[in-house]
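An overview of the molecular structure
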Amino acid sequence: MAHTLTALEETIGRSLKSAWGTILTGCAHFLDARKVLRGSISKESRQGLDWLNFFLADIQTGFGAFVAFYLADLGWDKGEVGLALSAGTVAGLIAHLPGGALVDWVPWKRGLAAIGIVTIAGSALILAFAPTFGLVFVAEMLHGITGGIVTPAIAAISLGLVGRSAMSARTGRNNAFDAAGNALTAGAMGAAGQYISKSAIFFGAAALCVPALIALSFIRSDEINYARARNAGVGHAAQNFQRIFDLSKNTSLYIFAGCIFLFQLADASMLPVVSENLATDKSQSSSLLMASLIVTPQIIAAMLSPWVGYYSEKVGRKPLLLIGFGIEALRGVLFAVNTSYPMLVVGQCLGGISAAAVTVLTVLMVTDLTTGTGRFNLIQGFIGTVIAIAAAISTGGSGFVFENIGHLYGFLILAAIAVAATMLLWMTLTETKPGKYLD
């Protein structure tokens, strides 16, 4: 008996020692990540960029999901809602390529971001004051156009501030603040929609643009390296742009774009379809239920994004992106077979994991694939165009597809598309992380 107790004590001791070692290793990794995140830029610029991402959260998923919810509550059918959302994505499609080229060409990155923020405020106020059929389409188009300017401008500012070697950590931090802002914004908008009015959602979105402009003003323009912000080479090559013809020979870029297209085709309409179903229930708490579906994945993405950036330096980009794609397929299957609200929340938790991986790694892999070209933001615009095309097809067609074949088969089709994206990534794309950074 005594021998057994001694063996048990030794086993427990080894387990505690192993657990303590794991905790210490995790803390060391955390402190290492924090050191990388701080970089060499000023505290003023670093925090300005943090809070710019936080307050610009309404340009992300929450805004679009609430538009679908808002219009469905006003009596629009699924087909009309899908067309309205598609108007925004098509406008973004048109704007992404010229917007990315403009961000590469114009040194005044902060000015471009400011123009985009003001446009977001205008589109939100249109939806709040005059949600007529024609003006809703105008608002959605204005909102879509900003994605072609603001998104690459923020990425360019980030790269110009920290450089390629710290871009993984910085991108993870950007997405963490963006997701945290999305979570807070969705919660506040849901409460406003529930207890004040549905239009209050968009007054809040417009109001958030004011602190976003203030945060933007804190980023020091003299710390943004113009050549680095467009991922140009070093030395004399910093002044050059790679010819479009030469850039078009990069086959990895096309493969990556194909993977992102399929992923977005599966992902873009999942939450809008769920939100329309909630709105048509006319439940007294539907606004709060919708808000929780938006908040949940954003909280998860906020927690995971910095670690996605950090571990992409340890294990590479591809393994983490495969995980993100695979989880999206599982999410589609879950939504297909179970429509209870708790399972919708579980599905959104999976969406948060997937979003953290895909959002962060998309920026990082574009950075990898454009190193030394000076075309970082143009290629961001290209990928943004691919995403916009996929989102337009997904949101525009999903309403009609779900009406004709039903909920189960509609979500199973989306899950199958996510599986196809995962297989394409696994079989054709090589690791993009470089062995050594230019800077």
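The structure we're discussing is the one just above.
The structure reproduced in this document is the subject of the present report. Not measured: the values here are computed from a predicted model. (Residues numbered from 1 in each chain as written. Predicted model: local features only at pLDDT ≥ 70, side-chain atom pairs only at ≥ 80, totals over all residues. Heavy atoms only, no water.)

**A word on the overall build of the chain**
This is how it is decided: In this text, helices come from DSSP runs of H or I with a minimum length of four residues, and strands from runs of E with a minimum of two, each type numbered from the N-terminal end. Accessibility here uses a 1.4 Å probe with only protein chains present; expressed as a share of the type maximum, an area under 20% marks a residue as buried, one over 50% as exposed, and anything in between as partly exposed. Accessibility throughout is a Shrake-Rupley quantity obtained with a 1.4 Å probe, and a residue counts as covered only by protein chains that appear here.
Across its full length, the chain carries 18 helices and 0 strands. Within the span of the chain, comprising 439 residues, buried residues form 54% of the whole. Within the structure as shown, the chain displays about 18300 Å² of accessible surface, and the carbon and sulfur contribution to it stands at 69%.

**Some thoughts on the nonpolar core**
Threshold: Residues belong to one nonpolar core when they are buried, are Ala, Val, Leu, Ile, Met, Phe, Trp, Tyr or Cys, and are joined through side-chain atoms within 4.5 Å. Contacts are assigned to residue pairs that have any heavy atoms within 4.5 Å of one another.
Formed by 99 residues in total, the largest nonpolar core has its most connected members in Leu-52, Phe-256, Phe-325 and Phe-411. Element by element, the count of residues in this core is highest for helix H16 (residues 341–369), at 11 residues. When near neighbours in sequence (up to four residues on either side) are disregarded, Phe-256 contacts Leu-321, Thr-362, Met-365, Val-366, Leu-369, Ile-383 and Leu-429. Within the second largest apolar cluster, 6 residues are counted, among which are Leu-265, Ala-329, Ala-390 and Ala-418.

**So, the pattern of salt bridges**
Let me state the cut-off plainly: Whenever Lys or Arg places a side-chain nitrogen within 4 Å of a carboxyl oxygen from Asp or Glu, that contact is recorded as a salt bridge.
For the structure shown, the criterion picks out 8 salt bridges. Among the ionic pairs, Asp-50 bridges to Arg-170, the shortest N-O distance being 2.5 Å. Taken together, the residues Asp-50 in helix H2 (residues 43–55) and Arg-170 in helix H8 (residues 167–195) connect sequence positions 120 residues apart. Grouping residues by exposure puts Asp-50 and Arg-170 together as buried. Glu-223 serves as the salt-bridge partner of Arg-220, at 3.5 Å between the closest nitrogen and oxygen. Take Arg-220: its relative accessible area is 33%, and that puts it in the partly exposed class.

**Section: the environment of Val-106**
Checked against the element boundaries, Val-106 lands in the loop between helix H4 (78–105) and helix H5 (109–129). Along the chain, Val-106 and Tyr-226 lie 120 residues apart, while their C-alpha atoms are 8.9 Å from each other. What Val-106 contacts, discounting residues up to four positions off in sequence, is Leu-112 and Tyr-226.

**Focus on unusual backbone geometry**
A positive phi angle, close to 65°, is found at Asn-231, a residue other than glycine. Turning to its location among the elements, Asn-231 is positioned in the loop between helix H10 (226–229) and helix H11 (244–247). Note on Asn-231: relative accessible area 0%, which makes it buried.

**So, the packing of aromatic side chains**
Put simply, the test is: Any two of the Phe, Tyr and Trp rings considered here, Trp counted by its six-membered ring, make a pair once their centres fall within 6.5 Å; the pair's planes then place it as stacked at under 30 degrees, edge-to-face at over 60, or tilted in between. The criterion for a charge sitting over a ring is simple: Lys NZ or Arg CZ within 6 Å of the ring centre, and within 35 degrees of the ring normal.
Scanning the entire structure with this criterion turns up 11 aromatic pairs. Taken together, a centroid distance of 5.1 Å and an interplanar angle of 90° make the contact between Phe-54 and Phe-55 edge-to-face. Among the residues examined, Phe-54 registers a relative accessible area of 14% and is labelled buried. Relative to Phe-411, the ring of Phe-402 has its centre 5.0 Å away and its plane inclined at 80°; by these criteria the two rings are edge-to-face. The pair formed by Phe-402 and Phe-411 is uniform in burial state, with each residue classed as buried. Grouping aromatic residues by their ring pairs yields a cluster made of Trp-51, Phe-54, Phe-55 and Phe-177. For the cation-ring pair, Arg-230 lies above Tyr-226, with the distance from its terminal atom to the ring centre recorded as 5.1 Å.

**Digging into helix H6 (residues 133–147)**
Applied cut-off: To estimate the expected span of a helix, subtract one from its residue number and multiply by 1.5 Å.
Here H6 spans 22 Å end to end across 15 residues, near enough to the 21 Å set by a 1.5 Å rise per residue. Among the residues of H6, Val-136, Phe-137, Ala-139, Glu-140, His-143, Gly-144, Thr-146 and Gly-147 are the ones counted as buried.

**Here's the deal with the packing of helix H12 (residues 251–267) against helix H17 (residues 376–405)**
Our working definition: Here the axes come from fitting lines to C-alpha atoms, over the contacting stretch only for helices, and the angles between their N-to-C directions go from 0 to 180 degrees. The scheme is simple: roughly parallel for angles under 35 degrees, roughly antiparallel for over 145, roughly perpendicular for 65 to 115, oblique for anything else. Put simply, a crossing is left-handed when the front helix is turned counterclockwise from the back one by less than a right angle, and right-handed when it is turned clockwise.
As a packed pair, H12 and H17 sit with axes 8 Å apart at the nearest point and diverge in direction by 30°. In terms of their interaxial angle, H12 and H17 are classed as roughly parallel. Here H12 runs over H17; the crossing is right-handed. For the pair H12 and H17, the contacting residues are Leu-253, Tyr-254, Phe-256, Ala-257, Ile-260, Phe-261, Gln-264 and Leu-265 in the first and Ile-379, Phe-382, Ile-383, Val-386, Ile-387, Ile-389, Ala-390, Ala-391, Ile-393 and Ser-394 in the second.

**Re the environment of Ile-157**
Residue placement: Ile-157 occurs in helix H7 (residues 150–162). Sequence separation between Ile-157 and Ile-219 is 62 residues, and the spatial gap between their C-alpha atoms is 8.9 Å. Excluding anything up to four places from it in sequence, Ile-157 contacts Leu-49, Lys-109, Arg-110, Leu-216, Ile-219 and Ile-224.

**With respect to a nonpolar patch on the surface**
How we decide: Here a patch means residues that are over 30% exposed by relative accessible area and free of salt bridges, tied together within 9 Å if like-charged and within 5 Å if nonpolar (Val, Leu, Ile, Met, Phe, Trp, Tyr).
A contiguous nonpolar patch, built from Val-333, Val-337, Val-401, Ile-405, Leu-408, Tyr-409, Leu-412 and Ile-413 and spanning about 660 Å² of accessible area, is present on the exposed surface. With 4 residues, the top contributor of residues to the nonpolar patch is helix H18 (residues 407–428). Structurally, Ile-405 is set in helix H17.

**Describing the packing of H12 against H16**
Between H12 and H16, whose axes approach to 11 Å, the crossing angle comes to 160°. Compared by their axis directions, H12 and H16 come out roughly antiparallel. For the element pair H12 and H16, the recorded crossing hand is left-handed. Listed contacts from H16 to Ser-252, Leu-253, Phe-256, Ile-260 and Phe-263 of H12 are Ser-354, Val-358, Thr-362, Met-365, Val-366 and Leu-369.

**Here we look at the side chain of Gln-264**
With respect to the element layout, Gln-264 can be found in helix H12. For Gln-264, a relative accessible area of 15% puts it in the buried group.

**Structural notes on the environment of Ile-383**
On the secondary structure map, Ile-383 appears in helix H17. Residue classification places Ile-383 among the buried residues on the basis of a relative accessible area of 2%. The spatial distance from the C-alpha of Ile-383 to the C-alpha of Ala-257 is 6.2 Å, given a sequence separation of 126 residues. Once you skip the residues sitting within four places of it in the chain, Ile-383 turns out to touch Phe-256, Ala-257, Ile-260, Thr-362 and Val-366.

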